[in-house]
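# Descriptive analysis of the structure
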Amino acid sequence: MAHPISNPTDRVHLNVGGKLFETTVSTLQSAGPDSLLAALSNRPNPIFIDRDPDIFSVLLSLLRSKRLPSAAFRRFSIQELANEALYYGVESLLRSASSPSPLRGIDAAIVDTIRPASDAVPSTFSAGEDGSLWIAHGGQISTYDPYLSYTASVRTHLHDITSICRVWPEAAAIGSESTSGLHFYNLSSGRYTGSVHWTDQADPRIYKARVNAIANSPDSVFASFDCPHKENAILVIDKSTLQVSLELTRQSGTAAKNTVVGKVKWLPETGLVIGSAVTCGAFGYSGYIRMWDPRSREVVWETNEPGSGRSSRFGDSFADMDMDVDDLTLFKICSKSGDLGMADIRNLGEDPWVYMKDTNPSMRESSNGGNIVLHCYKKEVFVGKDGGLEVWSKEKGWHENQSEQVCFRRNYVDKVEDAERGMIKRIEGGGDRLFVSREDMEGVEVWESSNHSGAVSVSS
């Protein structure tokens with residue numbers, strides 16, 4: 001027998017685990033048409049639900065105000081809340097209410113450090129679009145959901161993992177600088193699913209090729225390999241077959257301009273692949289940035305640094321680079337001056353760079369050959385210099401003739417004590433979080449927006 005449709009203001013009585021609750025039809029229906037609570041809103045009263053009443057009280061408050069009570073996370077773990085939210089069909093509401101504020105570098109602050117239970121010094125990590133995290137430590141990968149709750153650990157056949165890339169929502173491609181091959185694991189089931197090796201029977205130098213960098217596209221995986229005798233290449237691997245579909249480039253690796261690619265990225269709008277290699281020696285940094293078109297297998301643009309002596313930046317080679325794939329903007333950070341260079345990939349030429357200079361000399365720092373890491377995320381550029389973290393944020397400005405222009409403002413993100421935690425090795429964004437790992441430091445730092453960060457503006 002069908003139940004009569006209730007008036008939204010009608011009251012509903014619920015008995016949850018022996019505790020009585022009173023609410024309205026509209027409150028229960030705000031959980032969504034497919035939720036258990038919406039389905040119960042038209043049932044005869046009282047309705048008995050054999051679940052935890054205290055957690056239900058939190059979820060009912062969430063339905064009423066669209067916010068979680070301030071004491072919710074002190075009383076319950078996020079996993080306990082998530083399990084009950086899943087039962088009632090309000091997991092999307094819980095995720096939205098518990099997600100951090102939109103990430104802004106100037107307001108970012110460390111809120112947590114995620115430490116695996118064993119071998120807690122991470123060798124690398126991968127952040128998901130939903131804010132989840134995969135941490136490689138030793139030969140294991142520990143996974144954390146969008147709430148950053150621990151979900152599982154997968155032990156691989158490798159002794160150490162130095163490269164990791166998400167190729168499907170639950171699958172990772174991994175590589176090691178000490179073991180040959182690119183390997184695939186399903187992290188949900190913990191199963192090994194296959195490997196790809198770079199081989200060439202006609203060339204005996206191509207053997208024991210190790211992976212240095214990995215990138216992903218909907219159909220392919222791009223992996224840079226190098227061999228013990230420095231031969232190197234980028235292989236394009238078909239994701240449906242896990243077979244090599246083409247060899248994008250092959251180099252001898254005997255000079256700085258043809259060393260193995262250490263960072264690789266696929267650009268969705270153009271289909272191009274961009275890679276860079278950087279070496280640092282007694283005379284400073286040197287390296288190259290190169291773009292390939294996988295369809296033609298041709299190099300479509302490249303730059304080598306140091307360049308010719310005619311360059312205005314001769315002697316100030318880049319230390320790292322990254323790509324804003326949404327704005328199609330290429331960024332590099334200069335090794336000596338610390339200046340940020342940017343170039344529009346739709347208008348590349350011999351010298352396409354525009355440099356963002358720090359206009360406050362009293363705050364200017366030279367890297368002095370230290371470790372520099374650059375990462376683009378959410379239209380901001382994050383730079384790790386040794387232990388310090390900076391952000392270059394886009395904002396509107398004005399020319400002297402009153403026409404509008406786009407500017408970047410440089411700020412310190414971290415406090416002095418944050419910078420003393422150790423040298424930054426990797427930066428990666430996921431969801432509304434920034435993740436940072438440091439040399440010889442256990443765990444991965446979680447940075448989120450905060451109005452109480454130690455951000456200090458250093459440019460005007």
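A brief structural summary. (Residues numbered from 1 in each chain as written. Predicted model: local features only at pLDDT ≥ 70, side-chain atom pairs only at ≥ 80, totals over all residues. Heavy atoms only, no water.)

## Concerning the packing of aromatic side chains
Enumeration according to the criterion identifies six aromatic pairs in this entry. Here the aromatic rings of Phe 56 and Tyr 88 are separated by 5.3 Å at their centres, their planes lie at 55°, and the arrangement is tilted. Pair noted here: Phe 56 is in helix α3 (residues 53-65) and Tyr 88 is in helix α5 (residues 78-88), with a separation of 32 residues, a long-range link. Taken individually, Phe 56 and Tyr 88 each receive the classification buried, so the pair is uniform in this respect. Across from the ring centre of Tyr 87, 3.9 Å away, lies the NZ or CZ of Arg 51, which sits over that ring. Above the ring of Tyr 288, the side-chain terminus of Arg 290 is found at 3.8 Å from the ring centroid. (Phe/Tyr/Trp six-rings, centres within 6.5 Å; stacked < 30°, edge-to-face > 60°. Helix = DSSP H or I, 4+ residues; strand = E, 2+ residues; numbered from the N terminus. Buried < 20%, exposed > 50% of the residue type's maximum accessible area, 1.4 Å probe, protein only. Lys NZ or Arg CZ within 6 Å of the ring centre and 35° of its normal.)

## So, the sheet that holds strand β20 (residues 298-305)
Pairing is antiparallel in the open sheet, where four strands are placed in the order β17-β18-β19-β20. The open sheet terminates on both sides in strands that have one partner only, identified here as β17 (263-266) and β20. Shown here is a sheet whose adjacent strand axes are inclined to one another by a mean of 15°, direction ignored. Here seven bridges tie strand β19 (residues 284-293) to β20, and the two strands are oriented antiparallel to one another. Within the sheet, the bridge partner assigned to Gly 287 lies in β20 and is Glu 305. (Pairing = 2+ DSSP bridges. Axes fitted to C-alpha atoms, helices over the stretch in contact; angles between N-to-C directions.)

## As for the nonpolar core
A general tendency of soluble globular proteins is for nonpolar side chains to be buried together. Grouped together as the largest cluster of nonpolar side chains are 29 residues, with contacts concentrated most on Leu 14, Leu 37, Phe 56, Tyr 88, Val 90 and Leu 94. Contributions of two or more residues to this core are made by β1 (11-16), α1 (25-29), α2 (36-40), β3 (47-49), α3 and α5. Per-element tally for this core: the top contributor is α3, with seven residues. In this structure, Val 90 is in contact with Ala 31, Leu 37, Leu 59, Leu 63 and Ala 85, ignoring residues within four places of it in sequence. (Core = buried A, V, L, I, M, F, W, Y, C linked by side-chain atoms within 4.5 Å. Contact = heavy atoms within 4.5 Å.)

## Things to note about the layout of surface pockets
Regions of empty space are outlined by a rolling probe, equal in size to a water molecule, passed over the atoms. Approximately 400 Å³ is the volume found for the second largest pocket. Lining the second largest pocket are 19 residues, and of these Ser 98, Tyr 147, Leu 148, Arg 433 and Glu 448 sit closest to its centre. Counting residues per element, the ones that place at least two in the lining of the second largest pocket are α6 (91-98), β4 (108-114) and β31 (444-449). In terms of residues, the lining of the second largest pocket owes the most to one element, β4, which gives three residues. Classifying every residue of the lining of the second largest pocket by side-chain character gives nine nonpolar, four polar and six charged. (1 Å grid on protein atoms, 1.4 Å probe; cavity = no way out; pocket = protein on both sides within 12 Å on 5 of 7 lines; lining within 4 Å. Points joined across faces, edges and corners; volume = space filled by probe spheres on them. Nonpolar A, V, L, I, M, F, W, Y, C, P; charged D, E, K, R; others polar.)

## Observations concerning the packing of α5 against α6
The interhelical angle for the contact between α5 and α6, taken along N-to-C directions, is 145°, at an axis separation of 8 Å. Together, Ile 78, Leu 81, Ala 82, Ala 85 and Leu 86 of α5 and Glu 91, Leu 94 and Ser 98 of α6 make up the contact between the two elements. Its residues assigned to classes, the contact of α5 with α6 comprises six nonpolar, one polar and one charged.

## Focus: α5
The complete set of buried residues in α5 reads Ile 78, Leu 81, Ala 82, Glu 84, Ala 85 and Tyr 88. Elements that come into contact with the buried residues of α5 comprise β1, α2, β3, α3, α4 (72-75) and α6. Gly 89 sits one or two residues past α5 and shows a positive phi near 80°.

## Some words on α3
With 13 residues, α3 extends 18 Å between its outermost C-alpha atoms, agreeing within 8% with the 18 Å of an ideal straight helix rising 1.5 Å per residue. If you check which residues of α3 are buried, you get Pro 53, Ile 55, Phe 56, Val 58, Leu 59, Leu 60, Leu 62 and Leu 63. Its side-chain oxygen 2.8 Å from the backbone nitrogen of Asp 54, Asp 52 forms the N-cap of α3. Directly after α3, the chain includes Lys 66, whose backbone phi takes a positive value near 65°. (Expected span 1.5 Å × (residues − 1). Polar contact = N/O pair within 3.5 Å; in protein donor to acceptor, adjacent residues only side chain to side chain.)

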